[in-house]
Amino acid sequence: MHQPPPASSCSSGSGCECARVGVRASALAPAAAPCPAPRRLPHPRRPEPPSRGTGTLLRAGLGPWCSPTGSPAPLSCETGCGEGSWILVCRLLVPTQVSLLSMEEDIDTRKINNSFLRDHSYATEADIISTVEFNHTGELLATGDKGGRVVIFQREQESKNQVHRRGEYNVYSTFQSHEPEFDYLKSLEIEEKINKIRWLPQQNAAYFLLSTNDKTVKLWKVSERDKRPEGYNLKDEEGRLRDPATITTLRVPVLRPMDLMVEATPRRVFANAHTYHINSISVNSDYETYMSADDLRINLWNFEITNQSFNIVDIKPANMEELTEVITAAEFHPHHCNTFVYSSSKGTIRLCDMRASALCDRHTKFFEEPEDPSNRSFFSEIISSISDVKFSHSGRYIMTRDYLTVKVWDLNMENRPIETYQVHDYLRSKLCSLYENDCIFDKFECVWNGSDSVIMTGSYNNFFRMFDRNTKRDVTLEASRENSKPRAILKPRKVCVGGKRRKDEISVDSLDFSKKILHTAWHPSENIIAVAATNNLYIFQDKVN
Amino acid sequence: MFARGLKRKSAEDAEDADGGVAGVPAAPSYTLQRQSLLDMSLVKLQLCHMLVEPNLCRSVLIANTVRQIQEEMTQDGTWRVVAPQAAGRAPLDRLVSTEILCRSGREQEGEGDGPLPDPAPGQAPRRPQSSPWGLDGSREGRGGFQKSLDHIFETLENKTPGSVEELFSDVDSSYYDLDAVLTGMVGGTPSGPGLPAFAPAAAASPSSTCRSDLGELEHAVEILVET
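From a predicted model like this one, the values you see are computed outputs, not experimental measurements.

Of regular secondary structure, chain A possesses six helices and 32 strands. Expressed as a percentage of the 545 residues in chain A, the buried residues total 54%. Across chain A, every contact between residues at least 6 apart in sequence was considered, and the portion connecting residues at least 24 apart equals 58%. Carbon and sulfur atoms make up 51% of the accessible area of chain A, which amounts to about 24,800 Å² in all.

Below, the structure is given as structure tokens:
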């Protein structure tokens, strides 16, 4: 029977893991410097912690943030994704650019984010965004980049004076999450690129998120500080120790208000558990455990314990020569803390129940679509490799992304998906070239909207696609500087497959395969989306909202 | 991606092959496409970025593709059967991949003149087509091929500096200095399908020519390393 991880409570101070971790964490990485241009908030935030328990989290979180009806506004036919009613809210630039300008020119951060700056000379490869994630309320949006940095944006609060500013996101905190490391045993570099960020549900005033590179997962705490103590006895105002002989009176330190500061501190470092590259992390609905998945193994962690993890899936063959399949993505069920799924490079999804056994090598359910013999080619297996798997918010469906399609599966039906959407089928005839230039290995992600009625995924040429599951309509939009002004409505794009190319269409051969949208995110309750295009983050909003 | 001379030769190959070999459909022929896909895949497998650990998923997918092609070629019987004309004008990119794999496979097995490519096209018709290239040949070919695939996986799994550098040095020099390497090979154009070249050479003579070819390759590597 599966032994549950040791309880998180610790008995004494010095012998306890938590205390040790606290000390170690500070030795590992200095607490990140506060964001150089902290925002001046209208008033300090103390959001209510949402109630815990299966299935209620999202509903509680929806309360203050969604439309007045209390439920996320579905995309109807009029406002639907097929009608091109998405507008650009803001385009957020790389953090280096933002902080440089704000320090030198003392410009309001919001203005920077809303204007289109001409030069990208500061943008480097390290600024390429590698992951985007909203938190559970949608108030915060985190991005990770190739340089190991995490940038958190916060939503502009509603105010009566500036209604049009609502929905915009501004920099809230920036910190260096991972540094490049060197594995001396293998003589290999470990990249600092952030592969995934996952937020923990909020339980107090601070925000917590998990960020991971190829080998190490870190738990970060992001908290605000707007008061500082003054009037210490043993230290003077600059922090220097006072000579005890000069102290003649005693006073009680007082908390005085200060400029708002946002601090990020690493609270846990979960290292040395993965031989291969971590591709996914997923927080369990019990909020006590999470899993990390690499190419061949999946480990279960307890948030409080960093020196130990449980291996729950291991598909490494005894003989590496027999290796033909790897794990590509994994996720916990949103409500059932014992259930998770993982996808493979062969286009299969396995659902596992941790109650069944300690090592979940035997799946409970196995999802695979039979191959279409008419479409068979040497690339069939490569394009069937699943790059992302996501549970619907309801927990009833899973969505998978392979190279050319997005598929929706019903958990109760294993033999085929219930819906298949073609993302860019015009690439099917170009697979050989895409194999040659390695584009066929690109890993696109996919996301659900808050009500599970619309799904979104990226494509090439900075295009991204949305599919409305109810109306069966779809739309292709573009995230690019040239074509969008703030508040302008996005024009639907179309790729011309063959024959005569119409005026606004773009031909397949003109597509820019270096401009790929791999990472997108959808606000949990509203029709606000974040699209990462190289080093730019675009935020779009449904016009009606 | 390949040297200019290489491309021109390939175009001529395609034309002549289509004209010469009966029953082959109009350019580009399926077997030719499949072969070039195979070669591309083999080069991709070897051409990892050695500073950072290579992507295991990508390597597995490419390796599976190679296995798939190999299986189909075995079923087709094209694994060992090659018309002399086509063999003679084999695309030179095939040369590169077999050279690379030849070398690493050879080092791995420690054989002096194990799997080696054949020499000049002129000698191709002389190459025995029947028993040495028959069942034994193909089995050996598969074994040699499998060995090199395994070698690649083992290299990916645990990087021993020796094998990695050796793989890398081969690929690096060969890939980026095809012209130098290829022109340096005097009459060293191997013929025959890429993979069956792994079979132990039926004749002893190819080995000496190949040794000189490999000597040229080593020389080129030395030059590059020194610069």
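This is not the end of the story, as more comes after the structure.
With that out of the way, let us pick up the overall build of chain B. When you go through chain B residue by residue, the secondary structure sums to nine helices and zero strands. Counting from the amino terminus, helix and strand elements in chain B follow one another as α-α-α-α-α-α-α-α-α. Across chain B, the fraction of contacts at a sequence separation of at least 24, relative to all contacts at a separation of at least 6, is 84%. Taken as a whole, chain B presents about 10,200 Å² of accessible surface, with 55% of it coming from carbon and sulfur.

Attention now goes to the confidence of the model for chain B. Residue and element names in this part refer to chain B. Taken over all residues, the pLDDT of chain B has a mean of 53, while the share at 70 or more is 20%. Here helix α5 (residues 92–109) stands out as the element of chain B with the lowest mean pLDDT, 37, in contrast to helix α3 (residues 56–76), whose mean of 92 is the highest. Here residues 81–144 scores under 50 on pLDDT; set against residues more than four positions off or in separate chains, the count is 133 contacts. Here residues 159–208 scores under 50 on pLDDT; set against residues more than four positions off or in separate chains, the count is 117 contacts. Reported confidence for the predicted complex is 0.78 by ipTM and 0.67 by pTM.

Topologically, D76 of chain B is positioned in helix α3. Within the structure, the side chain of D76 of chain B is placed 2.8 Å from the side chain of R34 of chain B, a separation counted as a polar contact.

What follows is about the nonpolar core. If you look at the biggest cluster of nonpolar residues, it comprises 42 residues, and the most contacted ones within it are Y403, L427, L434, Y435, I440 and L511 of chain A. When contributions to this core are tallied by element, the ones reaching two or more residues are α5 (380–384) and α6 (431–436) of chain A together with α2 (30–46) and α3 of chain B. Residue contributions to this core peak at nine residues, all from α3 of chain B. With near-sequence residues (within four places) excluded, L511 of chain A lies in contact with Y426, N461, F463, V495 and I506 of chain A. Within the second largest apolar cluster, 18 residues are counted, among which are W86, M466, I517 and F540 of chain A.

We now examine the side chain of T65 of chain B. Topologically, T65 of chain B is positioned in helix α3. Engagement of the side chain of T65 of chain B in a polar contact is seen with the backbone oxygen of L61 of chain B, the distance being 2.8 Å. With residues near it in sequence (within four places) discarded, T65 of chain B still touches F378, I382 and Y435 of chain A.

A pair of packed helices is characterised by two quantities: the angle between their axes and the separation of those axes. Residue and element names in this part refer to chain B. With their axes 9 Å apart at the nearest point, α2 and α3 run at an angle of 145° to one another. The chirality of how α2 crosses α3 is left-handed. Residues Y30, R34, Q35, L37, L38, S41, L42, K44 and L45 of α2 lie in contact with α3, whose contacting residues are R58, S59, I62, A63, V66, I69, E72, M73 and D76.

Turning our attention to the pattern of salt bridges. All names here are of chain A. Under the counting rule described, the total for this entry stands at 32 salt bridges over all chains. With a shortest N-O distance of 3.6 Å, R502 and E505 are connected by a salt bridge. Owing to a relative accessible area of 60%, R502 belongs among the exposed residues under this scheme. With relative accessibility at 10%, the residue E505 sits in the buried group. One salt-bridge network, in which partners are shared between bridges, spans D127, D145 and R149.

Right, let's talk about α3 of chain B for a bit. Helical periodicity: at 3.6 residues per turn, an α-helix aligns residues three or four positions apart in one direction. Residue and element names in this part refer to chain B. If you check α3, its first and last C-alpha atoms are 30 Å apart, about what 21 residues at 1.5 Å a residue would give, namely 30 Å. A side-chain oxygen of the first residue of α3 lies 3.2 Å from the backbone nitrogen of C57; this N-cap is N55. Remark: G77 follows α3 within two positions and exhibits a positive phi of approximately 85°.

Moving on, we get to the sheet that holds strand β2 (residues 129–134) of chain A. All names here are of chain A. The sheet built from four strands is open, its strands ordered β2-β3-β4-β5 with antiparallel pairing. With partners counted over all chains shown, the strands left at the sheet margins are β2 and β5 (169–176), one partner each. Within this sheet the neighbouring strands show an average axis-to-axis angle of 20°, counted without direction. Here seven bridges tie strand β4 (residues 149–155) to β5, and the two strands are oriented antiparallel to one another.

With that out of the way, let us pick up the packing of aromatic side chains. Residues and elements named next belong to chain A. Going through the model one piece at a time under the given rule, you end up with 21 aromatic pairs over all chains. The interplanar angle of 35° and the centroid separation of 4.4 Å between the aromatic rings of F175 and W220 together place this pair among those described as tilted. Here F175 is found in strand β5, whereas its partner W220 is found in strand β10 (residues 217–230), with 45 residues between them in sequence. Across the pair, exposure class does not vary: F175 and W220 are buried alike. For the pair Y403 and F444, a centre-to-centre distance of 6.4 Å together with 50° between the ring planes defines the contact as tilted. On the criterion of sequence distance, the pair formed by Y403 in the loop between β21 (397–401) and β22 (405–410) and F444 in the loop between α6 and β24 (446–448) is long-range, its members being 41 residues apart. Taking relative accessible area as the criterion, Y403 reaches 2% and is therefore assigned buried. Here a set of aromatic residues connected by ring pairs shows up, and it is made of F270, Y290, W301 and F303. The ring of Y397 has R469 lying over it, and the distance from NZ or CZ to the ring centre is 4.8 Å.

With that settled, the discussion passes to the side chain of S41 of chain B. Within the secondary structure layout, S41 of chain B lies in helix α2. Look past the residues within four positions of S41 of chain B in its chain and what remains in contact with it is Y435 of chain A together with I62 and V66 of chain B.

Residue and element names in this part refer to chain A. Inspection of the secondary structure assignment puts L141 in strand β3 (residues 140–145). Classification of L141 by relative accessible area gives buried; the value is 0%. L141 sits ten residues away from V151 along the chain, and the two C-alpha atoms are 8.3 Å apart. In contact with L141, other than residues within four places in its own chain, are V132, E133, F134, V151, I152, F153, Y169, W199, A530, L537 and I539.

Here we take up the interface of chain A and chain B. On the side of chain B, 30 residues touch chain A, which itself brings 33 residues to the contact. Summing both partners gives a buried area of about 2,900 Å² for chain A against chain B, and 61% of it is carried by carbon and sulfur. When the buried surface of chain A facing chain B is broken down by residue, E321, F378 and Y435 of chain A rank first, second and third, together holding 27% of it. Joining chain A to chain B, the criterion identifies two salt bridges. Across the pair K44 of chain B and D438 of chain A runs a salt bridge whose closest N-O atoms are separated by 2.6 Å. Mapped by element, the contributors of at least two residues to the side of chain A that touches chain B are β7 (188–190), α5 and α6 of chain A. No other element matches the three residues that α6 of chain A contributes to the side of chain A that touches chain B.

To continue, consider the environment of I305 of chain A. Residue and element names in this part refer to chain A. Assignment of secondary structure puts I305 in strand β15 (residues 305–314). On the basis of relative accessible area, I305 is assigned to the buried category, the value being 13%. It is 9.4 Å that separates the C-alpha atoms of I305 and V269, two residues lying 36 residues apart in sequence.

Cut-offs and rules
Residues numbered from 1 in each chain as written. Chains lettered and ligands numbered in written order. Predicted model: local features only at pLDDT ≥ 70, side-chain atom pairs only at ≥ 80, totals over all residues. Heavy atoms only, no water. Helix = DSSP H or I, 4+ residues; strand = E, 2+ residues; numbered from the N terminus. Buried < 20%, exposed > 50% of the residue type's maximum accessible area, 1.4 Å probe, protein only. Contact = heavy atoms within 4.5 Å. Areas by Shrake-Rupley, 256 points an atom, 1.4 Å probe, with all protein chains shown as cover. pLDDT = per-residue confidence, 0-100. Polar contact = N/O pair within 3.5 Å; in protein donor to acceptor, adjacent residues only side chain to side chain. Core = buried A, V, L, I, M, F, W, Y, C linked by side-chain atoms within 4.5 Å. Axes fitted to C-alpha atoms, helices over the stretch in contact; angles between N-to-C directions. Left-handed = near helix turned anticlockwise from the far one by under 90°. Salt bridge = Lys/Arg side-chain N within 4 Å of Asp/Glu carboxyl O. Expected span 1.5 Å × (residues − 1). Pairing = 2+ DSSP bridges. Phe/Tyr/Trp six-rings, centres within 6.5 Å; stacked < 30°, edge-to-face > 60°. Lys NZ or Arg CZ within 6 Å of the ring centre and 35° of its normal. Buried area = accessible area lost by both parts, 1.4 Å probe.

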